[in-house]
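Here is how the chains run, residue by residue.
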Amino acid sequence: LGLQGPNAASAGSMPSVTVSEFQDIIRDSAKSISIVEFSGPRSETAVARLVDGTVFEITGLIDSPSDPRSPLKLAAICRASKIPTKFLNLELAVSSSGSKKKKSYANTRVQEAAAKERERKARMEADEQQRLAELYQMEEAEASKNAAAAASNGQ
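Residues numbered from 1 in each chain as written. Predicted model: local features only at pLDDT ≥ 70, side-chain atom pairs only at ≥ 80, totals over all residues. Heavy atoms only, no water.

> Kindly report on the pattern of salt bridges, identifying the contributing residues and their values.
Under the defined criterion, the tally for this structure stands at 5 salt bridges. For arginine 49, the salt bridge goes to glutamate 37, with nearest N and O atoms at 3.6 Å. With arginine 49 in strand E3 (residues 45-50) and glutamate 37 in strand E2 (residues 33-39), the pair connects residues that are 12 residues apart, well separated along the chain. Owing to a relative accessible area of 9%, glutamate 37 belongs among the buried residues under this scheme. For arginine 69, the salt bridge is made with aspartate 67, and the minimal N-O distance between the two is 3.0 Å. Classification of arginine 69 by relative accessible area gives partly exposed; the value is 37%. (Salt bridge = Lys/Arg side-chain N within 4 Å of Asp/Glu carboxyl O. Helix = DSSP H or I, 4+ residues; strand = E, 2+ residues; numbered from the N terminus. Buried < 20%, exposed > 50% of the residue type's maximum accessible area, 1.4 Å probe, protein only.)

What follows is the structure in structure tokens.
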């Protein structure tokens, strides 16, 4: 049947409301709805989560460009009421296709320049470490001179 949402297995035991009843709920108390998740091949399965943790299914969704019961019309109503929506199949498709494409389009000159830049940064870091070590040695030598001078002046 395609990918289903996280609550698809328990959808039969979930309480359900029709699209028009859900629109009434949105009109009366939109702030009590935390998120609406759409799943299924054509996003025809919708699950609403309330702020208190209650979960219910929205039934009667029809995949049609002109019907007011379409998933996209319901998503638009939710967006107008500032209710977050989540299309699970769409997010899954986007996340899985993004991880496959790791090809670098940089040409060889760009790759060589990046390698030289890394080498330059490594040299600068090594030079800085050496400078700090020499500075530390100089400070120690000066401190021992001052201690010796103080000891000889103290006698």
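> Kindly report on unusual backbone geometry, identifying the contributing residues and their values.
Positive phi, normally seen in glycine, also occurs at serine 43, with a value near 60°. Tracing the backbone shows serine 43 in the loop between E2 and E3. Given a relative accessible area of 15%, serine 43 falls into the buried group. Positive phi outside glycine occurs at lysine 82, with the angle close to 60°.

> Could you give an account of the nonpolar core, with specific residues and numbers?
Counting residues in hydrophobic clusters, the biggest one holds 19 residues, and the most contacted among them are Phe22, Val36, Phe38 and Ile58. Of all elements in the fold, only helix H1 (19-29), E2, E3, strand E4 (55-59) and helix H2 (71-80) reach the threshold of two or more residues within this core. Every residue in contact with phenylalanine 38, bar those within four places of it in the chain, is listed here: Ser43, Thr45, Ala46, Leu61, Pro71, Leu74, Ala75, Thr85, Lys86, Phe87, Leu88 and Asn89. (Core = buried A, V, L, I, M, F, W, Y, C linked by side-chain atoms within 4.5 Å. Contact = heavy atoms within 4.5 Å.)

> Describe the sheet that holds strand E1 (residues 16-18), naming the residues involved and giving the relevant values.
In space, the 5 strands of this open sheet follow the order E1-E4-E3-E2-E5, with mixed pairing throughout. Either end of the sheet is taken by a strand with one partner, and the two such strands are E1 and strand E5 (85-87). Each neighbouring strand pair of the sheet contributes to a mean axis angle of 25°, computed without reference to strand direction. Both E2 and E3 contribute to a ladder of 6 bridges, which runs antiparallel. Its bridge partner lying in E3, phenylalanine 38 is registered against alanine 46. Sitting on the sheet, H1 is in contact with E1, E2, E3 and E4, with an inclination near 95° to E1. (Pairing = 2+ DSSP bridges. Axes fitted to C-alpha atoms, helices over the stretch in contact; angles between N-to-C directions.)

> Which residues make up the side chain of serine 70, and what values do they have?
Structurally, the position occupied by serine 70 is in the loop between E4 and H2. Overall, the relative accessible area of 3% leaves serine 70 in the buried class. A distance of 3.2 Å separates a polar side-chain atom of serine 70 from the backbone nitrogen of lysine 73. The residues contacting serine 70, other than those within four sequence positions of it, are Leu61, Ile62 and Ser64. (Polar contact = N/O pair within 3.5 Å; in protein donor to acceptor, adjacent residues only side chain to side chain.)

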